[in-house]
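Summary of the model geometry
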Number of protein chains: 2
Amino acid sequence: MSVVYQRVALIGLGLIASSMAHAMRRGGLAGEIVGTARSAETRDIARDVGFCDRIVDTAAEAAEGADLVVLAVPVGAMGAVAQEIGPVLKAGATVTDVGSVKGAVIEAVSPHLPENVHFIPGHPLAGTEHSGPRSGFAELYDNRWCILVPNGADEAATQRLRDLWQGMGANVDMMDADHHDLVLAVTSHAPHLIAYTMVGVADDLGRVTDTEVINYSAAGFRDFTRIAASDPTMWRDVFLSNKEATLEILGRFTEELFALQRAIRTGDGDHLFDYFTRTRAIRRGIIEAGQDTDAPDFGRSTKHE
Amino acid sequence: MSVVYQRVALIGLGLIASSMAHAMRRGGLAGEIVGTARSAETRDIARDVGFCDRIVDTAAEAAEGADLVVLAVPVGAMGAVAQEIGPVLKAGATVTDVGSVKGAVIEAVSPHLPENVHFIPGHPLAGTEHSGPRSGFAELYDNRWCILVPNGADEAATQRLRDLWQGMGANVDMMDADHHDLVLAVTSHAPHLIAYTMVGVADDLGRVTDTEVINYSAAGFRDFTRIAASDPTMWRDVFLSNKEATLEILGRFTEELFALQRAIRTGDGDHLFDYFTRTRAIRRGIIEAGQDTDAPDFGRSTKHE
């Protein structure tokens, strides 16, 4: 691998940005990595872990002179960061982001960027339930997908960003912002809201204790708790900024759920059996595409933990 | 460990029964394990894998002379099996089951059992998304919970069954059938139906292709597909036989989901943030109780699969 960008600025130093730093180092993809975060505590941790070459105090300081600027803050904070860095960006620099929503980010960021920089929104579809600068690791993007939304940006600049993501181990796909936001509503946003809801219901139910919920969670419930443990600020922003598509998918979900509830109530076993058989195929597809493991129980240790 | 039952009969040879056989052998808990299954193919596979001492053709043949008979067939088939074995059961034998629902099983099985046997319903809260006689393994029950529903059964007989489950690695808890069915509706049945529904919606949505759903599933969706790949016959029977409690929990779920949808629609970020913060505590409880791993992404391999 060779250097793709001479200087990379990471604004925000959570799971996604710190994993990018580890992966860029693994691949020798960046000449220098400069990082910043709003909180002094996060900056101190990042210094301590040492995944950046330099940690600076402000977004403007980080962005100045950078060849690539990565906005890795919650979706609701992107606009303010863009406003701060807009005036100091180097001519010909590329600005990208890693937000889970693309339409709202483009709307918030674009107005603040000068015409002589390339804005190429992006979204790596990878993550874990852990957050913060200590949670990153170099392999996070291996064989995962990163979606770029070039939105008419310069082809050479887009190809360069693509090279970076591929160098970090990811597959790259391109699509427009609306389609991205719909696809993500299905594969990520609706599932997260549903998981949060189910975990909330279990926690809230007077007649079943939390100890019972916890002890008996291996019967299925615990699978929901992983994504319901994700970062609350990030997810609040995702739902508020991908409102339309999320509500559309939740509407379809409720419709189907009601049909299955009716089948249970009326004792329509054939309807249930057919539905449950059909959903197995998707799991097989995911495993064949290398997007999940076939090991039982996600390969969780079966020994005493 | 020493032998708890001289002869154990396993009726049905799927994931649960084959794992019991492996675990009983590991612990030296059974003098002889006799197995049977309705399908000749399953019996042949079980012979091939060799986790039983003897495989016989009928439930009656297996049950005759057994000290413990384990009904490990789908909930909807328990009544017919009980009717078949009732006349041949040895006086003083114990009959148990491993069904995910207890009220309906008691109703279906009890009438067919003679008064001189101990019927102690049970439910091990463990499993994987795989099914069939090849999917079993000895560690499945280690540190998982098994719920017994003694329902007034003889204390010594109950203690003996408890010894068996503990010998197979499980923790044992006791409760009545109604409470069991409510607890399981929360920790297992509702989550499964919701996962099946979400996977069905994704599969069914014209504007997003299956390839997109599959490639981008790592953003959350794939967590749902594991339990939506569970055995369709088993789950059809579970929902039809735990109708009331499942519909009650789904009703609560829909109510909460609507409240969160309204918060998204009206832009109530505080409501969302508070809700998402609260659900993190349950995950911590599950990890502290050793019921799930804290490794990111359930400890799925982060290398190329």
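These numbers come from a predicted model, not from an experiment.

Basis of the calculations
Residues numbered from 1 in each chain as written. Chains lettered and ligands numbered in written order. Predicted model: local features only at pLDDT ≥ 70, side-chain atom pairs only at ≥ 80, totals over all residues. Heavy atoms only, no water. Helix = DSSP H or I, 4+ residues; strand = E, 2+ residues; numbered from the N terminus. Rg over C-alpha atoms; globule rule 2.2 N^0.38 Å. Buried < 20%, exposed > 50% of the residue type's maximum accessible area, 1.4 Å probe, protein only. Contact = heavy atoms within 4.5 Å. Areas by Shrake-Rupley, 256 points an atom, 1.4 Å probe, with all protein chains shown as cover. Lys, Arg positive; Asp, Glu negative; His and termini not counted. Charge placed at Lys NZ, Arg CZ, Asp CG, Glu CD. Pairing = 2+ DSSP bridges. Buried area = accessible area lost by both parts, 1.4 Å probe. Salt bridge = Lys/Arg side-chain N within 4 Å of Asp/Glu carboxyl O. Polar contact = N/O pair within 3.5 Å; in protein donor to acceptor, adjacent residues only side chain to side chain. UniProt positions renumbered as here; feature names shortened; annotations may be inferred. Arc of directions from axis to C-beta. Least-squares fit on C-alpha atoms with pLDDT ≥ 70 in both. Domains from an automatic or database assignment. Phe/Tyr/Trp six-rings, centres within 6.5 Å; stacked < 30°, edge-to-face > 60°. Lys NZ or Arg CZ within 6 Å of the ring centre and 35° of its normal. Axes fitted to C-alpha atoms, helices over the stretch in contact; angles between N-to-C directions. Left-handed = near helix turned anticlockwise from the far one by under 90°.

A few points about the overall build of chain A
A tally of helices and strands in chain A yields 12 helices and 9 strands. Over its C-alpha atoms chain A spans a radius of gyration of 21 Å, differing by no more than 12% from the 19 Å that the globule rule assigns to 305 residues. Once the C-alpha set of chain A is aligned to its principal axes, its extents read approximately 65 × 45 × 35 Å. Taking all 305 residues of chain A together, the buried fraction comes to 62%. When contacts within chain A are restricted to residue pairs at least 6 apart in sequence, long-range pairs at least 24 apart make up 73% of them. When the accessible surface of chain A is totalled, it reaches about 10,800 Å², and 47% of it is carbon and sulfur. Measuring between centres, the 27 positive side-chain charges of chain A sit 4 Å from its 42 negative side-chain charges.

Here we look at the pairing of strand β5 (residues 94-97) of chain A
All names here are of chain A. Of the two faces of β5, both are covered, the one formed by T94 and T96 as well as the one formed by V95 and D97. Alignment of β5 against strand β6 (residues 118-119), held across 2 bridges, turns out to be parallel. Within the sheet, the bridge partner assigned to T94 lies in β6 and is H118.

Quick word on the interface of chain A and chain B
Contact with chain A, which involves 115 residues of that partner, is made by 114 residues of chain B. Counting each side, the surface lost to burial between chain A and chain B is near 11,100 Å², with a carbon and sulfur contribution of 66%. Looking only at chain A, the three residues that lose the most surface to chain B are A:Y216, A:I264 and A:F276, adding up to 7% of its buried area. Taken together, the connections running from chain A to chain B amount to 12 salt bridges. For A:D297, the salt bridge identified is with B:R226, shortest N-O distance 3.0 Å. Applying the counting criterion to the chain A and chain B interface returns 37 residue pairs in polar contact (both at pLDDT 80 or more).

Let's talk about the environment of B:I147
Here B:I147 is to be found in strand β8 (residues 145-148). When its relative accessible area of 0% is taken as the criterion, B:I147 is described as buried. Linking B:I147 and B:V213, residues 66 residues apart in sequence, is a C-alpha distance of 37 Å. Filtering out sequence-adjacent residues up to four positions away, B:I147 remains in contact with A:Y216, B:P121, B:G122, B:H123, B:L125, B:D173, B:M175, B:H180 and B:L184.

Points about the environment of B:V101
All names here are of chain B. As for its position among the elements, V101 is in the loop between β5 (94-97) and α5 (103-109). Spatially, the C-alpha atom of V101 lies 27 Å from that of F298, the residues being 197 residues apart in sequence. When near neighbours in sequence (up to four residues on either side) are disregarded, V101 contacts V75, H180, D181, H189, V238, S241 and N242.

Things to note about the UniProt feature "domain: Prephenate/arogenate dehydrogenase" (unreviewed entry) in chain A
Residues annotated in UniProt with the feature "domain: Prephenate/arogenate dehydrogenase" (unreviewed entry) correspond here to residues 6-294 of chain A. Along residues 6-294 of chain A, the helical share is 52% and the strand share 13%, with 40 Å between the first and last C-alpha atoms.

Side note on the pattern of salt bridges
Under the criterion given, the structure shown has 44 salt bridges over all chains. With a closest N to O distance of 3.0 Å, A:D292 and A:R283 form a salt bridge. Side by side, A:D292 and A:R283 carry an identical accessibility label, which is buried. The salt bridge partner of B:D57 is B:R47, with a shortest N-O separation of 3.9 Å. Taken together, the residues B:D57 in the loop between β3 (54-55) and α3 (59-63) and B:R47 in helix α2 (residues 40-49) connect sequence positions 10 residues apart. Relative accessible area serves as the criterion here: at 47%, B:D57 is assigned to the partly exposed category. Its relative accessible area of 42% is what places B:R47 among the partly exposed residues. A single network of salt bridges, built from pairs that share partners, joins A:E129, A:R226, B:R222, B:D223, B:R283, B:D292 and B:D297.

Overview of helix α2 (residues 40-49) of chain A
All names here are of chain A. Among the residues of α2, those classed as buried are R43, I45 and A46. Projection of α2 onto a plane perpendicular to its axis shows the buried side chains occupying an angular sector of 160°, all on one side. In α2, the exposed positions angled more than 90 degrees off the buried face are occupied by E41 and D48. One or two positions beyond α2, positive phi appears at G50, with a value near 80°.

Side note on the relation of the copies chain A and chain B
Expressed as a screw operation, the relation of chain A to chain B combines 0.0 Å of axial shift with a rotation of 180°, fitting to an RMSD of 0.0 Å. Expressed as an axis order, the relation between the two copies is that of a two-fold axis. The residues that chain A uses at the interface reappear at the interface of chain B in 99% of cases, marking a shared surface.

Regarding the domain arrangement of chain A
All names here are of chain A. Taken domain by domain, chain A holds domain 1 (5-175) and domain 2 (179-293). Inter-centroid distance (C-alpha atoms) of domain 1 to domain 2 is 30 Å. Listed per partner, the contact involves 19 residues of domain 1 and 19 residues of domain 2. Taken together, both faces of the contact between domain 1 and domain 2 bury some 1,400 Å²; the carbon and sulfur share is 58%. Joining domain 1 to domain 2, the criterion identifies 1 salt bridge. Between E129 and R226 there is a salt bridge, with the nearest N and O atoms lying 3.0 Å from each other. Taken together, domain 1 and domain 2 are joined by 10 residue pairs in polar contact (both at pLDDT 80 or more). Elements represented by at least two residues in the side of domain 1 that touches domain 2 include exactly α5 (103-109), β7 (122-125) and β8 (145-148).

Observations regarding the packing of aromatic side chains
By the definition in use, this model includes 13 aromatic pairs over all chains. In this structure an aromatic cluster arises from ring pairing among A:Y196, A:W235, A:F239 and B:F276. The ring of A:Y275 carries the charged tip of A:R278 above its face, separated from the ring centre by 5.0 Å.

Notes on the sheet that holds strand β1 (residues 5-11) of chain A
Residue and element names in this part refer to chain A. In spatial order, the strands read β3-β2-β1-β4-β5-β6; together these 6 strands make up an open sheet with parallel pairing. The open sheet has two edge strands with one neighbour each: β3 (54-55) and β6. Pairing of β1 with strand β4 (residues 68-71) involves 4 bridges; the strand directions are parallel. By the bridge assignment, I11 is partnered in β4 with L71.

Overview of the packing of helix α7 (residues 177-204) of chain B against helix α11 (residues 243-266) of chain B
Residue and element names in this part refer to chain B. As a packed pair, α7 and α11 sit with axes 9 Å apart at the nearest point and diverge in direction by 65°. In terms of crossing hand, the pair formed by α7 and α11 is right-handed. Together, D181, L182, A185, V186, H189, A190, L193 and I194 of α7 and A245, T246, E248, I249, L250 and F253 of α11 make up the contact between the two elements.

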